[in-house]
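So the chains spell out like this:
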Amino acid sequence: MLPAAIRLVPSDNERYARFRRYMLAEAPWAFGATPEDDIALDLAYLESALAESENAIFAVEAPNGSGELAAVAGILRRKNPKFAHRARLWGVFVDRQYRGRGMGRVVVSAAIAFAKSWNGVAYIDLGVSANAPEALALYQSLGFIQWGREPETTQYHDMRYDEIFMALRIG
């Protein structure tokens, strides 16, 4: 049986920041941020962001009872009035030791359901590294449609990775 996703609250800022550091170390090619410049590692920023009504991080806790996180997905509503009909899925990651257990689907589905509760939101957008075929397959299985591809978007050491852009119509 799959665990339920929980919505992180402001007091979860430290455990999310720990997991975020792990995410950036495990898959540096998948994120635009680095540990040196990632705003999501700033505890005050995280505490404030997690308190917003249209900005959320959903997580599954590790099944070992440690209280640490095993999977996460962020969702936020675009703030600019011309784009307020769109939400953005971001920061999706599943700890390597828990992959293949459906946890990614649980957190992404929770984020989608949350975005559907926002009045006027019609689309959820995301970008996914071409180096993450499992993530791409998950998004496709949930109904996201690829609309573009930017070549060599992210560079990590001597490798460059394309970014695939997708959208899901929800309204």
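Our structure is the block above this text.
Residues numbered from 1 in each chain as written. Predicted model: local features only at pLDDT ≥ 70, side-chain atom pairs only at ≥ 80, totals over all residues. Heavy atoms only, no water.

**Focus: helix 4 (residues 133–141)**
Cut-off, in case you're wondering: Burial classes: relative accessible area under 20% of the type maximum marks a residue as buried, over 50% as exposed, and values in between as partly exposed (1.4 Å probe, protein chains only). By the criteria applied, helices consist of DSSP H or I runs no shorter than four residues and strands consist of E runs no shorter than two, each listed in order from the N terminus. Here the arc refers to the set of directions running from the helix axis out to each C-beta atom. Any pair of residues with heavy atoms lying within 4.5 Å of one another is described as a contacting pair.
Within helix 4, the full set of buried residues consists of L136, L138 and Y139. Viewed along the axis of helix 4, the buried residues span an arc of 160°, placing them on a single side of the element. For helix 4, the elements touching its buried residues are strand 4 (86–94), helix 3 (103–116), strand 5 (123–129) and strand 7 (159–169). After helix 4 finishes, the residue G143 shows a positive phi value of roughly 100°.

**Brief notes about the sheet that holds strand 6 (residues 145–156)**
Note the following rule: Being paired, for any two strands, means DSSP has found at least two bridges between them.
The strand order across the open sheet built from seven strands is 1-2-3-4-5-7-6, with neighbouring strands paired in mixed fashion. A strand with exactly one partner marks an edge of an open sheet, and here the two such strands are strand 1 (6–7) and strand 6. Pairing of strand 2 (residues 55–61) with strand 3 (residues 69–77), which is carried by seven bridges, proceeds in the antiparallel orientation. Directly across from A59, in strand 3, lies its bridge partner V72.

**Considering the pairing of strand 7**
In terms of burial, strand 7 is a largely internal element, eight of the eleven residues being buried. Taken together, the seven bridges between strand 5 and strand 7 define a ladder with antiparallel strand orientation. Within the sheet, the bridge partner assigned to Y123 lies in strand 7 and is R169. Across eight bridges, the pairing between strand 6 and strand 7 is antiparallel. By the bridge assignment, E150 is partnered in strand 7 with E163. Linking strand 6 to strand 7, which pair antiparallel, is a turn of two residues; within it H157 sits at a positive phi near 55°.

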